[in-house]
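Listed below, chain by chain, are the residues.
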Amino acid sequence: MHEVGIANSILEATRAEMARHSAARPLRITVRIGELAAVDPDSLQFCFAALTRGTELAALELKIEPCPRRNCCPACGAEFTVADYDFRCTQCGEERTEFVSGDQLELASLEMESYESSTA
Ligand SMILES: [Zn+2]
């Protein structure tokens, strides 16, 4: 259960960002999570909701973008999505391909609404 720590990091990043935008409130934060990061999205949503309940971020929506594992082929240069642990190149069939991405855990975006425009 490292989802609590991840949810905390997301909230810290959100608060740090909001500190620079005093006249706005956060609406939705999007995080990209690779399938190799071993994060359970439901569990993360649950922790996030528990941590924001009753705080100034209670209305903040967490959006999780799952990212599949991607490999690239040293033979032909193709980059492809790995499905069912089949690491062979989808273009040329090369068996020894290299890991590119799929273990990321990063903030993609933070959408916010400014107080001024919402009253217009
Ligand atoms: Zn190839």
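None of the values given here were measured: they were computed from a predicted structure. (Residues numbered from 1 in each chain as written. Predicted model: local features only at pLDDT ≥ 70, side-chain atom pairs only at ≥ 80, totals over all residues.)

Moving on, we come to the sheet that holds strand β3 (residues 70–72). Spatial strand order, β4-β3-β5: three strands in an open sheet with antiparallel pairing. Of all strands in the sheet, those with a lone pairing partner are β4 (79–81) and β5 (98–101), marking the two edges. Mean inter-strand twist for the sheet, computed between neighbouring axes without regard to direction, equals 40 degrees. Where β3 meets β4, three bridges bridge the pair, whose relative direction is antiparallel. Its bridge partner being in β4, Asn71 is matched across the sheet by Phe80. (Pairing = 2+ DSSP bridges. Helix = DSSP H or I, 4+ residues; strand = E, 2+ residues; numbered from the N terminus. Axes fitted to C-alpha atoms, helices over the stretch in contact; angles between N-to-C directions.)

Let us look at the pairing of strand β1 (residues 24–34). Two strands pair when backbone bridges link them, and β1 and strand β6 (residues 105–114) are joined in this way by nine bridges, in the antiparallel orientation. Each residue of the ladder has a partner; that of Thr30, found in β6, is Ser109. Strand direction decides the pairing type here: β1 and strand β2 (residues 61–67), joined by seven bridges, are parallel. Residue pairing for β2: Arg28 is matched across the bridge by Glu61. Following the backbone out of β1, through helix α2 (residues 41–52) and into the adjacent parallel β2, one traces a crossover that is right-handed. (Right-handed = clockwise from strand over helix to strand, strands pointing away.)

Low-confidence regions, as indicated by low pLDDT, have predicted coordinates that should not be scrutinised in detail. Counting all residues, the mean pLDDT for the chain is 93, and 96% of those residues have values of 70 or more. Ranking the helices and strands of the chain by mean pLDDT puts β3 first, with 98, and helix α3 (residues 115–118) last, with 63. (pLDDT = per-residue confidence, 0-100.)

This paragraph deals with the packing of helix α1 (residues 3–18) against α2. As a packed pair, α1 and α2 sit with axes 9 Å apart at the nearest point and diverge in direction by 55 degrees. For the element pair α1 / α2, the angle class is oblique. As α1 packs across α2, the resulting crossing turns out to be right-handed. Where α1 approaches α2, its residues Glu3, Val4, Ile6, Ala7, Asn8, Ile10 and Leu11 are matched on the opposing element by Ser43, Leu44, Cys47, Phe48, Leu51 and Thr52. Partitioned by chemical class, the residues of the contact of α1 with α2 number nine nonpolar, three polar and one charged. (Parallel < 35°, antiparallel > 145°, perpendicular 65-115°, else oblique. Left-handed = near helix turned anticlockwise from the far one by under 90°. Contact = placed C-beta atoms within 7 Å. Nonpolar A, V, L, I, M, F, W, Y, C, P; charged D, E, K, R; others polar.)

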